[in-house]
Amino acid sequence: MNLLKNMKLSTKTAITISAMLIVIFIILIIFTIVSTGNAIRTGVNNELRSMSKSNGLQVQRVMDVTQSTSKDIESYMEKQYTKQKQQLGFNQSQSAEGSTSVIYNIPISNSNSDIEKYITETARNAAVNNPDIMGVGVMFEPYKFDKNIESYAFYVSETDKDNEIHPYGTYLYYSKQGYYAKTIQEKEMVFTKPYKCHGVMVVTASAPIIYNDEIKGAIMSDLKISNFSKLETKNECYPSLYTTIIDQNGLLVYDSKASKHTGKNMSQYYSEDEWQQVANKMKKAKPFSMEMTYKGKKEAAFFYPIKAGNTNWWSLMEVEDKDINQKINPTILGLLTISIVALIMIVIATITVLRKMLNPLQNVTKAATEIAKGNFDIYIPVSSKDEIGQLSKSFIYMAKNIKNIQEQLVMKNEQLEETIDKLEKSDAANSAKDIFITNISHEFRTPITLILSTIQLFQMNMINSINEEKANKHLKIMKQNCYRLLRIVNNLIDISRAEAGFNALNVKNIDVVELVSDIAMSISEYAIEKNISVQFITDRKKLEVKIDPDKMERVLLNLLSNSIKFTPVGGEIMIHLFSQDASFIISVKDTGIGIPDDKKDLIFDRFHQVDTTYTRMNEGSGIGLSLVKAFIEMQGGTIDVYSKLGKGSEFIIKLPILVTANEENNQSIRLSKYDEKNIEKLDIEFSDIYIH
Ligand code: ADP
């Protein structure tokens, strides 16, 4: 049952329909075989019945000869006697003698002589011309044939020559013969049992001669039993077939197979029960058939009655069942073979057609499995317009729709993710901005507080008559803090401009060796303050490149102010300048506190500082390096940092060596000139670093 559940629909349907077909077919086959068997059996029975009948009729004809001969004699005698009476009446004479009996050679009446002639000729006719009759005898009661003859009897044998007629003994002799005595007594035709006469088995049929209700005598025919062999006793189809003739009591008159059975009673060969049934059926004197068992073998027996005087004889035909079956079996076998072949063909055709019909359904199932797996690019071959074809089409349509919906969903999802990402980013940016604003506010607060407190001190000192030295000191503090504020504000403005793209480059051909050297020198005051040595090393005396000198200044001042800021007292700062291929490189290296690895990438970000608490110690807005990076990149360069915590940091700038054609702009503002403006620039950039 489980096996059937797991099967494909097409297989399941094919098996079910095939099983049903097989059952129906088997029923049909059984029905056909049974009815065909019955029909053949009926046919065989009819054939055998008609053979039995034809045998019966043949025997009947022999019987009828004897009877008709006696009837002929009777009617001839009647005719003669009537004629004689008329003549007697006319002549008044009792007898009209004058003739002689040809048998006894004594005088008899003329009419009796005529009768004698007629009887002898008829008897001879029957004996000679009828092969079934061996001889015919005619016997009369004493003086019943002629008043001159007491015992009148003669016998004509089939072999007797013409005119040769023998008397048949005395009345004393023949009246004692059973067949004669019985005929006279019963006034009916009688038969003897079969007996041997001159070495031939015969049956004697004896019919009475009655005139005016008076028994005159009897006519008897000896019937040769051997002549019954002309009966149908053999048949190719039924080798076991045999024919018998029995009398009403079952006495075997003729047996086609075993002549030794002749004269015996048939009842002795069958069981009592069976024979009783036969005897009962024979009483009805109608044809019948019966299943009988002879020597343990089943056989069919066909009985046909033969009218023989008061009683019946029976023509009997027996065939063993196996012969009948042999006639039926080949037909049944043929039928069975044809049926099985037809069944196999129908089953194969059913399976093929069903497979063909249901295969598209399998394709739909496969497609459904693919869809379940998430593959919507399905292909179902559609060749029919029936329900399965429509289903396949609907499936393809459905898969396409699902695919569209899925694509839309994916798109929407991506959009949503983007939005979330943006929101998260803007959220992060917002919080970074918040931190930045807090930091910047703090940056602003410190110098403002310092300026304010200095002003307050100034006021107090003013009241207490201020001395010049003190006044200068307060003013210096206020000035430096104003620079700090200015630096922050400048940086803010510059970074905003750079980001907005407003910070235009103002490039000139500059001797970068001179520029870097000037700047290195300009910071010496701050370096000395912290006891930091500053070295500038270069392999070039002069290197003219196309750069924006202001922006380069800001970059270098920023890097150097950071180096001084983050390098403890007694440290070192080394500035390298060298060219490499088509680029020149400026490296600012210090022996400062260094930058943690995870922060190296962040220091160039606008809103990031490495460590708030730490930075607080050193001041700073945290936007200097982002501006540096922006300025370098504006000029087509790169900036990298190499640093080890506690050991120091190195910032490396790489810029392309370019030269502008316009030499007019070659004038640059030199920090080394220490004019008012440049000193202020330096003060502003280094405003975080205190000089006492
Ligand atoms: P600020 O303007 O506050 O100095 P910067 O953008 O210039 O900000 O520097 C960002 C941060 O990078 C600093 O706060 C500091 O923590 C770190 N930093 C920059 N230069 C150095 C250096 N030479 N040595 C150690 N840390 C440095």
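This section reports on the structure supplied with the text. (Residues numbered from 1 in each chain as written. Predicted model: local features only at pLDDT ≥ 70, side-chain atom pairs only at ≥ 80, totals over all residues. Heavy atoms only, no water.)

### A look at the nonpolar core
In this structure, Val512, Leu559, Ile564, Phe584, Ile586, Phe651 and Phe686 are the most contacted members of the largest nonpolar core, which totals 44 residues. Of the residues forming this core, the biggest block, seven residues, is contributed by helix α12 (residues 549–566). Once residues within four sequence positions are removed from consideration, Leu559 is found in contact with Val588, Leu625, Val628, Ile639, Phe651 and Ile653. (Core = buried A, V, L, I, M, F, W, Y, C linked by side-chain atoms within 4.5 Å. Buried < 20%, exposed > 50% of the residue type's maximum accessible area, 1.4 Å probe, protein only. Helix = DSSP H or I, 4+ residues; strand = E, 2+ residues; numbered from the N terminus. Contact = heavy atoms within 4.5 Å.)

### Considering helix α5 (residues 178–186)
Considered for burial, the residues of α5 that qualify are Tyr179, Tyr180, Thr183 and Ile184. In an axial view of α5, the angular spread of the buried residues amounts to 130°, which keeps them on one side of the axis. Directly after α5, the chain includes Lys187, whose backbone phi takes a positive value near 55°. (Arc of directions from axis to C-beta.)

### Here we look at the side chain of Glu274
On the secondary structure map, Glu274 appears in helix α6 (residues 272–283). For the buried residue Glu274, which engages in no salt bridge, the nearest side chain bearing the opposite charge is Lys298, 6.3 Å off. Glu274 has contacts with Met290, Glu291, Met292 and Thr293, leaving out every residue within four places of it along the chain. (Lys, Arg positive; Asp, Glu negative; His and termini not counted. Salt bridge = Lys/Arg side-chain N within 4 Å of Asp/Glu carboxyl O.)

### Looking at the pattern of salt bridges
Going through the model one piece at a time under the given rule, you end up with 15 salt bridges. Across the pair Glu214 and Lys144 runs a salt bridge whose closest N-O atoms are separated by 2.1 Å. Of this pair, Glu214 sits in strand β9 (residues 214–224) while Lys144 is found in the loop between β3 (133–140) and β4 (153–157), placing the two residues 70 residues apart along the sequence. A residue is classified by how much of its surface remains accessible, and Glu214, at 29% relative accessible area, is partly exposed. As a salt-bridge pair, Asp421 and Lys425 come within 3.5 Å of each other at their nearest N and O atoms. One end of the pair is Asp421 and the other is Lys425, both in helix α8 (residues 387–463) and four residues apart, which spans about a single turn. Counted as one network, the salt bridges with shared partners bring together Arg487, Asp494, Arg554 and Glu685.

### Side note on the environment of Pro131
Its place among the elements puts Pro131 in the loop between α3 (110–129) and β3. When the C-alpha atoms of Pro131 and Lys224 are compared, they prove to be 8.4 Å apart, with 93 residues separating the residues in sequence. Pro131 has contacts with Lys224, Asn227 and Lys230, leaving out every residue within four places of it along the chain.

### Observations regarding the environment of Thr638
Its place among the elements puts Thr638 in strand β20 (residues 638–644). Separated by 490 residues in sequence, Thr638 and Asn148 place their C-alpha atoms 182 Å apart. Setting aside its immediate chain neighbours within four residues, Thr638 contacts Ile632, Ile652, Ile653 and Lys654.

### Some remarks on the sheet that holds strand β16 (residues 533–538)
The five strands are arranged β16-β18-β19-β21-β20 in an open sheet whose pairing can be described as mixed. Sheet topology places β16 and β20 at the edges, where each strand pairs with a single neighbour. Within this sheet the neighbouring strands show an average axis-to-axis angle of 15°, counted without direction. As defined by bridge partners, strand β18 (residues 572–580) adjoins strand β19 (residues 583–590) across eight bridges and the pair is classed as antiparallel. Bridge pairing in β19 places Ile575 opposite Val588. Sheet contacts for helix α10 (residues 512–522): β16, β18 and β19; angle to β16, the most-contacted strand, approximately 175°. (Pairing = 2+ DSSP bridges. Axes fitted to C-alpha atoms, helices over the stretch in contact; angles between N-to-C directions.)

### Remarks on the sheet that holds strand β11 (residues 252–255)
Two modes of strand pairing occur in sheets, parallel and antiparallel, and in both the strands are linked by backbone hydrogen bonds. In spatial order, the strands read β11-β10-β14-β13-β12; together these five strands make up an open sheet with antiparallel pairing. What marks the edges here is a single partner per strand, and that holds for β11 and β12 (288–294). For this sheet, the mean inter-axis angle between neighbouring strands, taken without regard to orientation, is 25°. On the sheet, α6 packs against β10 (242–247), β12, β13 (297–308) and β14 (311–320) and is oriented at approximately 160° with respect to β12. Along the sheet, helix α7 (residues 321–373) contacts β12, β13 and β14; its crossing angle with β14, the most-contacted strand, is approximately 55°.

### Overview of the environment of Ile209
By the secondary structure assignment, Ile209 is in strand β8 (residues 200–211). Classification of Ile209 by relative accessible area gives buried; the value is 0%. For the pair Ile209 and Ile184, spaced 25 residues apart in the sequence, the C-alpha separation amounts to 8.8 Å.

### With respect to the pairing of β10
For β10, a buried count of six out of six residues is recorded, marking the element as mostly surrounded by other parts of the structure. Side chains Tyr242, Thr244 and Ile246 project from β10 onto one buried face, and the interleaved Thr243, Ile245 and Asp247 project onto a second face that is buried too. Counting the residues that bridge the hairpin from β10 to β11 gives four residues, and of these Gly250 lies at a positive phi of roughly 95°.

### A short note on the side chain of Thr243
For Thr243, the position within the fold is in strand β10. Exposure remark for Thr243: the relative accessible area of 0% places this residue in the buried category. Apart from residues no more than four positions distant in its own chain, Thr243 is found in contact with Asn55, Leu231, Glu232, Thr233, Tyr254, Asp255, Ser256, Leu316 and Met317.

### Overview of the packing of α10 against α12
The interhelical angle for the contact between α10 and α12, taken along N-to-C directions, is 40°, at an axis separation of 10 Å. Between α10 and α12, the interaxial angle falls into the category oblique. Crossing of α10 over α12 shows right-handed handedness. Residues Leu515, Val516, Ile519 and Ser522 of α10 touch α12, and the partners they reach there are Met552, Glu553, Leu556, Leu557 and Leu560. (Parallel < 35°, antiparallel > 145°, perpendicular 65-115°, else oblique. Left-handed = near helix turned anticlockwise from the far one by under 90°.)

### Focus: unusual backbone geometry
Phi is positive for Asn105, close to 60°, though the residue is something other than glycine. Classification of Asn105 by relative accessible area gives exposed; the value is 63%.

### Concerning the pairing of β18
Side-chain direction in a regular strand flips from residue to residue, so the side chains alternate between the two faces of the sheet. Of the pairings in the sheet, the one linking β16 to β18 comprises six bridges and is parallel in character. Note on β18: the bridge partner recorded for Ser533 is Glu572. Linkage of β18 to β19, two consecutive antiparallel strands, is achieved through a turn of two residues, within which Asp581 is found at a positive phi near 55°.

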